[in-house]
Amino acid sequence: MNERNKLLVLFAHPALHKSRVNRQLISAIEAVEDITFHNLYEEYPDFHIDVDREQDLLLSHDIYIWQHPFYWYSSPSIIKEWIDLVLKHGFAYGRTGTALKGKKIFSAITTGGRREVYQESNMNNFTIPQFLAPFRQTARLCNMIYMPPFVIHGTHLLTEEEIRKAAMEYRKILISLRDQIFSDEEIWNCTYMNDLLELTQK
Amino acid sequence: MHSQDFFYQAIIFLTAAVVSVPLMKRLGLGSALGYLLAGVLIGPYFFKLVGAEGIDIMHFAEFGVVMMLFLIGLEVRPSLLWNMRRSIFGLGGLQMLITSLGIGGISMFFGMNVLQAITIGLIFSMSSTAIVLQTLAEKGLMKTQAGQGSFSVLLFQDIAVIPILAILPLMANQVRARSVDMHEPVINETAVSALPGWQQVLLIVGLVTLIIIGGRFLARYVFRFIAQTGLREIFTATALLLVIGIAVATDRVGLSPALGTFLAGVVLADNEYRHELEANIEPFKGLLLGLFFITVGSSIDFHIFTDQPGTVLGILGILILVKFIILLFLGRFFRMRTGQEILFSFALAQSGEFAFVLISFSSQNAILPEHVSGIMLIVVALSMLVTPLLLIINDRLVQPLFIRAQKEHEADEITEQDNPVLIAGFGRFGVVIGRFLRANGIGATVLDSNPDNIQFLRKFGFKVYYGDANRAALLEAAGASKARVIIVAVDDREQINHIVEQVQRKYPHLKIFARACDVRHSFELNDMNIAGYRRETYDSSIDLATKVLGELGFSRYQANRAARSFRYHDEIMMKELHQLWHEDKRRYINEMRRFTQQLEKILISEKDHVLHESDHAWDIESRREEIREMYEMLTKDNEGEKDQDKT
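Residues numbered from 1 in each chain as written. Chains lettered and ligands numbered in written order. Predicted model: local features only at pLDDT ≥ 70, side-chain atom pairs only at ≥ 80, totals over all residues.

*Asks:* Quick question: what am I supposed to make of the nonpolar core here?
*Replies:* Generally speaking, nonpolar side chains in soluble globular proteins are found buried as a group. Leu36, Phe70, Phe292 and Val379 of chain B are the most contacted members of the largest nonpolar core, which has 115 residues in total. Core analysis: the second largest hydrophobic core is formed by 52 residues, Ala92, Leu132, Ala139 and Ile173 of chain A among them. (Core = buried A, V, L, I, M, F, W, Y, C linked by C-beta atoms within 7 Å. Buried ≥ 20, exposed ≤ 12 C-beta atoms within 10 Å, placed from the backbone.)

Here it is as C-alpha cells:
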C-alpha cells in the first residue's frame, strides 16, 4: 500500500448557517482520518490570521484544498487575506522561499451557475479554470503543483438528495487523493477533479 | 483567666456561631442576625451559658468594628472621600441634629430635664456601623445611593462621638479624666488628656500627619521587607500590629481608634499590598465582629423586658419610628431615588454600638439615672436585633411594591416566556450585554438588587427579578433550571465568585460567563472553570487606544490591526502570567510583589517589541533587497564582460 497523503481543507464561508451545499460537504469529510478541516472564518472571525500557525499547518500536510463558494468569480475575502499573509516572501516564494515546494493544491468550489454558463460564448464568458488563473499562478510561484478544481454547479437547483450525492463524491475524491489511488497523469487529464470518479466506474 | 475557662467559653461562642449563622444565612436573613440570636440564646435569660463576663468580652470584641473601618478605609480612595464631603457633613450632620432634637423633645415630654434629654437624643441618634455596613455589604448594596448615604451618616457619627464624649462631662459639670469607652477597648486612660488643649491639638495633628506620611511613603518598603521573609504569619502579625498600633496611638491622643484606623485604611488604599492586608485582616474582623454581635445579643437583659415589656417596646417603637421618619425626610431632601430613601431609612433606623459607650459613660457621669440607662441599653440592643429583620421586610415586602406598581403600569410589555439567558447584575456592564443580546433576538431575564435600574428596564421590556442573585429562591424563580446561560455581571468580585460557586453547585447545566474585575480576578475565574470571562475595562481601553493611534497618524486599518495584534499578544502574556500567579500563590506572601514585578517585565518587553510580525506579508523590503541584489549581479556581469573586452 502506498503511503497516505495528509490533506488540509482550507474552508471559507462567511455565512455557513445559510449554506445548503457546503454544510453537507463538510459533514461528509470532517471525520475522515488524515483530513484536517480548517474553518478560516471560525478560526479568525476578525481576520487576524495567525501566520505562524498557518505555516505550521501547511508544513505538516501534503495536499491543500481551498474549499469555498464561488463569489464574484473568485473566493470569499478571507482566502485572499490568507494568501496575502501566509504565503510570505522567504517562506513560500523568493530565493529562500521553498517551504511549499512539491506540495499539491486545488480549489473545491460551489457555484449557482450551471456548467453551460461558464463557457466562452455564454453568459459568464470564461470557464471555471480560466477564472481560477490567479490561484493557479499563485501556486506555481510557490513551486506547488496546481491540480484541477472540484466543482459543484447549479447549487440553487439541487435537491437534498443530489446534494448528498455530490457530498459523497467529494468525500470519495479526497479519500482517493489521500490514498494515492490515481496517478498524476490521470489527475492532470481531468478538467474537473469530479471526472476522476468516471475513471473508477469504467 | 484560666486557660480552661477560656477554652470552655470559646467552645460556647464558636458553637453558637457555627450553629446559628449558617442557619440564618440559609434562610436568607444575613449573618448579623444569626450572631445576635446566637448571643440571645446563650445569654443569661435562656441557656445561661454566658453571664456578666459577656460585657468584658464585648469590650474586647468591639475591636472588630475598628478593624472593619480599617478595611472600609482600604476601599475608599482619598479622592472619593473628598467627593463625599457634602454627603458626610450635610446628610450626616443634619441626621444627628434633627434626630437629637426630635428624640430630646420627646424625652422632655416624658419628664426628663434638658441635660438628660440632650444626652438621650445624642445617644439614640447614633446608628450601628457594625450591623448596617455588614448587612449592606453582604447584600451588595454598598454602592447604591442608599449604601453611600448610610456610609456617610455612619462616618459622621463616628467623628461626632469624640466631641460628644468631651462635651458630656462638661455639661454634667463633672470633669473626670477617666473615660469609659466602648470604642476604645485597647487602653482606658488617655495620658494626653492631662495636657493643655493646644498641646492635645498639636499631638492629634502630628499623629494624623505621621499616619499620612508613613502610609504614603514608608509602608510600601516595610511591607516589601516583610514580604521578602516569605513567612505568611509574619505578614499577618505586621498587619495586626499596624491596625492595633494605630488604634492605640489615636486613642492616646484622644481620637476615636475607629476613625484613626479608617484614616490609615484610606491612606493605604493605593498601596500595592492592599489585597494582602485585606486578606490578612478580614478573618480577624469577621470573627471579632461576630463575637461582638453575640455579646450584644447575650447582653440583652430580658428581665427588664419581662418586668416592663410595655415601656421597652414603646420606647423601641418610638425610637425606630422617629428615626425612620427623619431619615426618610432627609433621603427625599437629598434627592435619593424612589426606593433608595426607604432602604436608607430602614438601614439606619436602629441605635448602635456607640450608644453603649455613651450610655455607660453618661450613667458613670451621673447624667442618667440607673433605671433609665438600663432600659436604654436593652432598647439599643433590641433595635440592633430588629435591624436585619427590618431590612428583610424592606427587601421582601416594601421594595417589591414599587416594582409591582410599575409592573401594573406596563404589564403588557412583559413577555412571560422562559429566556435562555440570565443576567445577574444590570449596571453599566450588564446593560450593554442585555441590549446586544436583545438586538439579536435573544431574550434575557435580569436579576438586579438595585431598584433604580428596574424602573428603567421595565420600559424596555426586560423581564426583571428584584433581589440578590445569591439567593437560591430567586435564581429558581428567574428560571435558572430552564435557562442555558447565566452572565454574572455584578460589580463586586466577591459577589461574582459567590454567584459562580452557587450556580455551579445548584445548576451544573448552566454555562457561566462572568465579568472579571481585573487580571487577578480573571485568573480566579479561570480556575473556576467557567465557560467564559472578560476583563471589564480591557476592550474599551484598547478601543480608545486605537482611536488615539489614529489621531497620531496611523491609518485606521493599521491602528485596527495593531489593536488586534495587541489582543493576541496579551492573551499569550496572560497565560504566562497566570502560571506564575499559580506558582506564587503557593508561596502566598510574595504574591503581590512578584506579580508587580512580572507585570513590569511584560511592560518592558512590550516596549522593545513591535507587535506587527503578521504584517511582514505587506512588507516588501525583503523582496526589494532580493531584486536589487539580482540587478547588481547582472550589471556586475556586464561590467566583467566589458573588462574582458579590453584585454
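After presenting the structure, the write-up continues.
*Asks:* Any chance you could explain helix α7 (residues 114–125) of chain B here in plain terms?
*Replies:* Since there are 3.6 residues in each turn of an α-helix, residues three or four apart along the chain are aligned in direction. All names here are of chain B. The first and last C-alpha atoms of α7 sit 16 Å apart over 12 residues, in line with the 16 Å expected at 1.5 Å per residue. The buried fraction of α7 amounts to nine of the 12 residues, a majority that puts the element mostly inside the structure. Among all positions of α7, only Ala117, Ile118, Thr119, Ile120, Gly121, Leu122, Ile123, Phe124 and Ser125 are buried. (Helix = DSSP H or I, 4+ residues; strand = E, 2+ residues; numbered from the N terminus. Expected span 1.5 Å × (residues − 1).)

*Asks:* Explanation requested: the packing of helix α2 (residues 31–42) of chain B against helix α13 (residues 274–299) of chain B in the structure shown.
*Replies:* All names here are of chain B. Orientation of α2 relative to α13, taken along the N-to-C sense of each, is 45 degrees, at an axis distance of 6 Å. Compared by their axis directions, α2 and α13 come out oblique. Classified by chirality, the crossing of α13 by α2 is right-handed. Residues Ala32, Tyr35, Leu36, Leu37, Ala38, Gly39, Val40 and Ile42 of α2 form the contact with α13, whose own contacting residues are Gly290, Phe293, Ile294, Thr295, Val296, Gly297 and Ser298. (Axes fitted to C-alpha atoms, helices over the stretch in contact; angles between N-to-C directions. Parallel < 35°, antiparallel > 145°, perpendicular 65-115°, else oblique. Left-handed = near helix turned anticlockwise from the far one by under 90°. Contact = placed C-beta atoms within 7 Å.)

*Asks:* Got a minute to help me understand the sheet that holds strand β5 (residues 511–516) of chain B in this structure?
*Replies:* To summarise the sheet geometry, strands pair through backbone hydrogen bonds and adopt either a parallel or an antiparallel arrangement. Residues and elements named next belong to chain B. Judged by pairing direction, the sheet is parallel, and its six strands sit side by side in the order β3-β2-β1-β4-β5-β6 without closing on themselves. Lying at the two open borders of the sheet, with one neighbouring strand each, are β3 (463–466) and β6 (532–535). When strand polarity is set aside, the average angle formed by the axes of neighbouring strands in this sheet is 15 degrees. (Pairing = 2+ DSSP bridges.)

*Asks:* Looking at this model, I keep getting lost on helix α15 (residues 309–333) of chain B. Mind explaining?
*Replies:* The first and last C-alpha atoms of α15 of chain B sit 36 Å apart over 25 residues, in line with the 36 Å expected at 1.5 Å per residue. Restricting attention to buried positions, one finds in α15 of chain B the residues Val312, Ile315, Leu316, Leu319, Ile320, Lys323, Ile326, Leu327, Leu330 and Gly331 of chain B.

*Asks:* Help me understand the interface of chain A and chain B in this model?
*Replies:* One widely used convention gives an interface's size as the accessible area the parts lose upon coming together. With 10 residues of chain A at the contact, the number on the chain B side is eight residues. In the side of chain A that touches chain B, the residues fall into two nonpolar, four polar and four charged. (Nonpolar A, V, L, I, M, F, W, Y, C, P; charged D, E, K, R; others polar.)

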